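Structural features, examined
For reference, the chains in residue letters:
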Amino acid sequence: GQQVMQIPQYQHVQEGEDFTTYCNSSTTLSNIQWYKQRPGGHPVFLIQLVKSGEVKKQKRLTFQFGEAKKNSSLHITATQTTDVGTYFCAVDQTGANNLFFGTGTRLTVIP
Amino acid sequence: DGGITQSPKYLFRKEGQNVTLSCEQNLNHDAMYWYRQDPGQGLRLIYYSQIVNDFQKGDIAEGYSVSREKKESFPLTVTSAQKNPTAFYLCASRTLGREYPSPIYQPQHFGDGTRLSIL
């Protein structure tokens, strides 16, 4: 099945700095979804990317899907303490109705 | 997320005991999923179900069992065969997607989770 590698595993930033997490695959992906899990909470869906080269924005968050549909990134501009949590990418498995989740990037924001 | 209820929130298992985690959804979703999350780790798929009375094993099904007798309910039993059950268990659901004629992919909605520990 389709899998993704997510980097970095951890990221500590000063409040106001930018943050980026990456998901990479060796195969072409049908789509990619991004989720955020706050400490002690459950994953919450953020966005889905389907088209090659797609870029979507949600306030300070920018999501990109690579031209070859083999990688994706989530960029946060000017981080705030409310951005703390673990960010996961997830991809649909071809021929099976389930998602494969990346290992996640845990973001810590230092006030 | 609203619409998916997991219970209990905390659960303790004794040696040799089977325990059942409840998951109920009122979102009218066809597909339901169980994940295991270990501290600082990602989500690993245990079982999933696309339709009533049918389910498939995920990546780590050994030591677990499920049933899907109703569309709304997908309970997970952690059996005594699961030697390391301490983890955070998450239930999720979503509308079925499709690949043809044009692909449609759906997001997953998660419950609040159950934290299982060994006594």
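Cut-offs applied
Residue numbers run consecutively from 1 along every chain, following the written order of its sequence. A letter from A marks each chain and a number from 1 marks each ligand, given out in the order of writing. At least 70 in pLDDT is required for a residue's local features to be given in this predicted model, at least 80 for side-chain atom pairs to be given and counted, and no such filter applies to totals for whole chains, interfaces and linings, which use all residues. Side-chain numbers here rest on the full set of heavy atoms in the structure, without hydrogens or water. Think of it this way: DSSP has to see at least two bridges between two strands before they count as a pair. Only DSSP runs of H or I covering at least 4 residues are called helices, and only runs of E covering at least 2 are called strands; the numbering of each starts at the N terminus. Angles shown run from 0 to 180 degrees and are taken between the N-to-C directions of axes, each axis being a line fitted to C-alpha atoms and, for helices, limited to the stretch in contact. Surface patches are defined over residues having more than 30% relative accessible area and no salt bridge, joining like charges when they lie within 9 Å and nonpolar side chains (Val, Leu, Ile, Met, Phe, Trp, Tyr) when within 5 Å. We get accessible surface area from the Shrake-Rupley algorithm with a probe of 1.4 Å; when it comes to residues, only the shown protein chains can shield them. In what follows, salt bridge is the name for a side-chain nitrogen of Lys or Arg lying within 4 Å of a carboxyl oxygen of Asp or Glu. Relative accessibility decides the category of a residue: with a 1.4 Å probe and only protein chains considered, values under 20% of the type maximum give buried, values over 50% give exposed, and everything between is partly exposed. A score between 0 and 100, pLDDT records how confident the predictor is in each residue. Any two rings among Phe, Tyr and Trp, with Trp reduced to its six-membered ring, count as a pair given centres within 6.5 Å; such a pair is stacked if its planes are under 30 degrees apart, edge-to-face if over 60, and tilted if neither. By convention in this document, the label disulfide applies to cysteine sulfur atom pairs within 2.5 Å.

1. Quick look at the sheet that holds strand S1 (residues 4–7) of chain B
Sheet strands pair by backbone hydrogen bonding; their relative direction is either parallel or antiparallel. All names here are of chain B. Spatially, the four strands line up as an open sheet ordered S1-S3-S8-S7, and their pairing is antiparallel. At either end of the open sheet lies a strand with only one pairing partner, and these are S1 and strand S7 (64–66). Pairs of neighbouring strands in the sheet enclose a mean axial angle of 20 degrees, with direction left out of account. Looking at chain direction, S7 and strand S8 (residues 76–78) are connected through three bridges and run antiparallel. Its bridge partner lying in S8, Tyr-64 is registered against Val-78.

2. Some remarks on a nonpolar patch on the surface
Residue and element names in this part refer to chain B. Nonpolar side chains collect at one region of the surface, where Tyr-10, Phe-12 and Leu-119 lie side by side and expose about 390 Å² of accessible area between them. Assignment of secondary structure puts Tyr-10 in strand S2 (residues 10–13). Relative accessible area serves as the criterion here: at 53%, Tyr-10 is assigned to the exposed category.

3. Here we look at the sheet that holds strand S8 (residues 71–76) of chain A
Residue and element names in this part refer to chain A. Pairing in this open sheet of five strands is antiparallel, and the strands run S1-S3-S8-S7-S6 from one edge to the other. The sheet terminates laterally at strand S1 (5–7) and strand S6 (55–58), the two strands that pair on one side only. Put simply, the sheet's adjacent strands are angled 15 degrees from each other on average, direction ignored. One ladder, built from five bridges, connects strand S7 (residues 61–65) with S8; its direction is antiparallel. The partner of Leu-61 across the bridge, within S8, is Ile-76.

4. A short note on the pattern of salt bridges
Counted by the stated rule, this structure contains six salt bridges over all chains. In this structure, the salt-bridge partner of A:Glu54 is A:Lys56, at a minimum N-O distance of 3.7 Å. On the basis of relative accessibility, which here comes to 17%, the residue A:Glu54 falls in the buried class. Among the salt bridges present, the one from B:Asp30 reaches B:Lys71, with a minimum N-O distance of 3.5 Å. Remark: B:Lys71 occurs in the loop between S7 and S8 and B:Asp30 occurs in the loop between strand S3 (19–25) and strand S4 (31–37); sequence separation between them is 41 residues.

5. Some points on the confidence of the model for chain B
Do not read the fine detail of predicted coordinates wherever pLDDT is low. Averaged over chain B, the pLDDT score is 92; the fraction of residues at 70 or greater is 94%. By mean pLDDT, S2(B) is the weakest element of chain B at 92, and S7(B) is the strongest at 98.

6. Focus on unusual backbone geometry
Across residues other than glycine, the phi torsion is negative in most instances, and most of the peptide bonds are trans. Of note, the amide linkage connecting A:Ile7 to A:Pro8 takes the cis form, showing an omega dihedral of -5 degrees. By the element assignment, A:Pro8 lies in the loop between S1 and strand S2 (10–14). One non-glycine residue, B:Asn28, adopts positive backbone phi at about 60 degrees. Take B:Asn28: it is sitting in the loop between S3 and S4. With a phi angle near 65 degrees, B:Asn53 is a residue other than glycine that sits in the positive phi range. Here B:Asn53 is to be found in the loop between strand S5 (43–51) and strand S6 (54–57).

7. Section: the packing of aromatic side chains
Counting across every chain of the model gives 12 aromatic pairs over all chains. Seen from their ring centres, A:Phe101 and B:Tyr35 are 5.4 Å apart, and the 85 degrees between their planes marks the pair as edge-to-face. One end of the pair, A:Phe101, is in strand S10 (residues 99–101); the other, B:Tyr35, is in strand S4, on a second chain. Overall, A:Phe101 belongs to the buried group, its relative accessible area being 4%.

8. Considering the state of the cysteines
Residue and element names in this part refer to chain B. By the definition in use, this model includes two disulfides over all chains. Paired through a disulfide, Cys-23 and Cys-91 show a sulfur-sulfur distance of 1.9 Å. Sign of the S-S torsion, about -75 degrees for the bond between Cys-23 and Cys-91, identifies this disulfide as left-handed. Within this pair, whereas Cys-23 is found in strand S3, its partner Cys-91 is found in strand S9 (residues 87–94), the two being separated by 68 residues in sequence. Under the relative-accessibility criterion, Cys-23 is labelled buried at 0%. Under the relative-accessibility criterion, Cys-91 is labelled buried at 0%.

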